[in-house]
Amino acid sequence: MAPLSQRLGYGPDDRLLIISAAGLGGCHAMNEGVYASLRDGLATTGTLLVPCPWSREAAARFRGEDVGIALTLNAEFELYRWGPITQVPSLLDGNGGMPSTVSDVWDHADLDEVRRECRAQIERAILWGFDVTHLDSHLDVLSVRPEFFDVYLELAVEFGLPARLISTDARRQLGFPVEDLVAAEGVVTPDRVMRIAPGAMGRYRRIEALLDSLEPGVTELQLQPAADLPELRSLTADWGSRVEDLLHLRDNAELRTHIQRSGIKLIGYRELRRLQRSETGRR
């Protein structure tokens with residue numbers, strides 16, 4: 001099969017970049033940051049956390065942006081909780097919501113309940129009016145264990161959606177061939193995924209270094225933009241890096257110029273979804 005960039009209609013040496021704004025629905029400050037990054041900034045896609053309390057506000061403000069679903073089985077904040085949208089006892093902990101840790105999900109979740117909950121999250125987003133462009137796995141809980149990855153892949157096939165894999169370096173440690181599995185099912189995924197660790201400051205220089213080392217093909221860079229509101233500061237210690245992500249995606253003219261001068265082409269997940277559905281014969 002030809003490389004992904006050429007199947008998308010680009011040249012073999014083209015460097016294509018998806019800039020993803022994660023956290024839509026997480027809280028009001030995250031909704032502000034993600035939509036600002038998509039509408040006024042450099043972000044080309046976002047991801048929605050359907051079970052979170054502010055997802056309904058995100059739906060009410062949706063204007064057709066490129067938005068995927070971050071399938072959510074965890075509520076990782078100590079004092080800010082959310083629960084599943086279906087009746088799935090194995091996805092509840094003792095603190096009033098979904099498990100706070102990934103290992104808790106892996107140890108206790110019933111796979112049929114995982115499948116039911118994840119399918120319901122996609123269906124609810126569609127019911128709310130989102131034109132869902134792709135799937136992601138919040139905290140990678142579905143991406144790194146083969147039995148959970150089977151559910152993830154099954155849903156990507158069922159809904160005809162591209163799926164984000166874990167970061168490129170981490171894939172080598174999995175012990176099962178995720179790239180071969182998605183290719184065998186006709187599911188499209190970026191060639192590479194890059195992230196900057198939450199809480200890491202000096203993010204512009206890190207982003208700049210990633211851009212300078214960008215290889216031909218399709219790369220995704222995932223950031224977490226959010227507005228600097230008291231709400232954000234109260235719920236997470238890494239609020240500063242989220243605010244910095246918004247600054248760079250929306251207001252950093254130097255970053256915009258750097259991308260333009262480098263010849264990098266920005267794309268979203270709609271192009272990948274269109275390709276996947278054309279190759280699999282799905283409308």
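The coordinates are above.
Residues numbered from 1 in each chain as written. Predicted model: local features only at pLDDT ≥ 70, side-chain atom pairs only at ≥ 80, totals over all residues. Heavy atoms only, no water.

(A) Region of the structure containing the pattern of salt bridges. By the definition in use, this model includes 24 salt bridges. Linking Arg242 and Asp238 is a salt bridge whose minimum nitrogen-to-oxygen distance equals 2.8 Å. Take Arg242 and Asp238: they sit in the same class, and that class is buried. Here the residues in one salt-bridge network are Asp112, Arg115, Arg119, Glu154 and Glu158, joined through shared partners. (Salt bridge = Lys/Arg side-chain N within 4 Å of Asp/Glu carboxyl O. Buried < 20%, exposed > 50% of the residue type's maximum accessible area, 1.4 Å probe, protein only.)

(B) Expanded view of unusual backbone geometry. Positive phi outside glycine occurs at Leu139, with the angle close to 60°. Within the secondary structure, Leu139 sits in the loop between strand 4 (132–137) and helix 6 (146–159). Unusually for a residue other than glycine, Asp140 sits at a positive phi of about 65°. Looking at the element boundaries, Asp140 is found in the loop between strand 4 and helix 6. (Helix = DSSP H or I, 4+ residues; strand = E, 2+ residues; numbered from the N terminus.)

(C) Highlighting the layout of surface pockets. Counted as a void, the largest pocket has a volume near 490 Å³. His138, Leu139, Pro198, Gln222 and Gln224 are the residues nearest the centre of the largest pocket, which is lined by 25 residues in total. Only strand 1 (15–24), strand 4 and strand 6 (217–223) provide two or more residues apiece to the lining of the largest pocket. In terms of residue class, the lining of the largest pocket is made up of eleven nonpolar, seven polar and seven charged. Of the pockets and cavities examined, the second largest pocket occupies roughly 340 Å³. Arg7, Glu179, Ala183, Val187 and Thr189 are, among the 15 residues lining the second largest pocket, the residues nearest its centre. Of all elements in the fold, only helix 1 (4–7), helix 8 (178–184) and helix 13 (269–280) reach the threshold of two or more residues within the lining of the second largest pocket. Across the lining of the second largest pocket, the residue classes tally to seven nonpolar, three polar and five charged. (1 Å grid on protein atoms, 1.4 Å probe; cavity = no way out; pocket = protein on both sides within 12 Å on 5 of 7 lines; lining within 4 Å. Points joined across faces, edges and corners; volume = space filled by probe spheres on them. Nonpolar A, V, L, I, M, F, W, Y, C, P; charged D, E, K, R; others polar.)

(D) Representation of the environment of Leu223. In this structure, Leu223 sits in strand 6. Judged by relative accessible area, Leu223 falls into the buried class, the value being 1%. Apart from residues no more than four positions distant in its own chain, Leu223 is found in contact with Ser20, Ala21, Ala22, Ile196, Arg203, Ile207, Asp245 and Leu249. (Contact = heavy atoms within 4.5 Å.)

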